[in-house]
Amino acid sequence: PASSQEARGLIVLAGFYRGSVQSTFEAVQRRRASIERMLTTGTEIHTTTTAIELLLERETDSDLHRSAMALAETFQETDAASSRFLASRNPADSNIAVRTLGTVPIRVEELARLAGENRRLRRFIAALESPLADYADALQNVIAADDQLRRTAAEREAANQAMLTT
């Protein structure tokens, strides 16, 4: 009887282990897809902010120039912070990326306020809305996937240790 109980216990532990492995695969896939979205939307945002800067080359309004440069610089800082997080998987780096991304809409609003009747500039500003939302969503998905990877690694290790001591 004791050996069949041990066998059932091992079967349960093996099931936990398999579940944690499956969860790890899902988290890796989610992370990979989210990183791809970040890269795609990041390129789109960089392209749009560059187009804004080029559009304003002939403008004489220095506040408009400063605002456009601040927007481009803020997103570059965000993208750099996000890249650091992607490389390190450090939660502190994710906090920095989220915080810097939170300042981008403020810069967009400031530029929109200064845009006046410039229809081309307003179109570029409007074109930032969707990719910025996608970028933010993808970043949150990477953070969630990394959290899931940390949890499943701990679960897998606990199941492994339990199987070895049973």
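Scope of this entry: the structure provided in the associated data block.

About the thresholds
Residues numbered from 1 in each chain as written. Predicted model: local features only at pLDDT ≥ 70, side-chain atom pairs only at ≥ 80, totals over all residues. Heavy atoms only, no water. Helix = DSSP H or I, 4+ residues; strand = E, 2+ residues; numbered from the N terminus. Rg over C-alpha atoms; globule rule 2.2 N^0.38 Å. Buried < 20%, exposed > 50% of the residue type's maximum accessible area, 1.4 Å probe, protein only. Contact = heavy atoms within 4.5 Å. Areas by Shrake-Rupley, 256 points an atom, 1.4 Å probe, with all protein chains shown as cover. Core = buried A, V, L, I, M, F, W, Y, C linked by side-chain atoms within 4.5 Å. Salt bridge = Lys/Arg side-chain N within 4 Å of Asp/Glu carboxyl O.

A word on the overall build of the protein chain. When helices and strands are tallied, the protein chain shows 4 helices and 0 strands. Each helix and strand of the protein chain, placed in order from N terminus to C terminus, yields the pattern α-α-α-α. For 166 residues, the compact-globule estimate of 2.2 N^0.38 gives 15 Å, and the protein chain exceeds it by more than 25% at 23 Å. Out of the 166 residues in the protein chain, the part that is buried amounts to 34%. By sequence separation, contacts in the protein chain at least 24 residues apart represent 79% of the contacts at least 6 residues apart. For the protein chain, the exposed surface amounts to about 9,900 Å²; the carbon and sulfur share of it is 54%.

Quick look at the nonpolar core now. Core analysis: the largest hydrophobic core is formed by 28 residues, its most contacted members being Ile52, Leu111 and Leu121. The dominant element in this core, judged by the number of residues it contributes, is helix α4 (residues 119-165), at 9 residues. Excluding its chain neighbours within four sequence positions, the residues that come into contact with Ile52 are Ala68, Leu71, Leu111, Leu121, Phe124 and Leu128.

Okay, the pattern of salt bridges next. Scanning the model with the defined rule gives 5 salt bridges in all. Put simply, Arg31 and Asp146 hold a salt bridge, and the shortest N to O gap is 2.5 Å. Pair noted here: Arg31 is in helix α1 (residues 2-55) and Asp146 is in helix α4, with a separation of 115 residues, a long-range link. Note on Asp146: relative accessible area 2%, which makes it buried.

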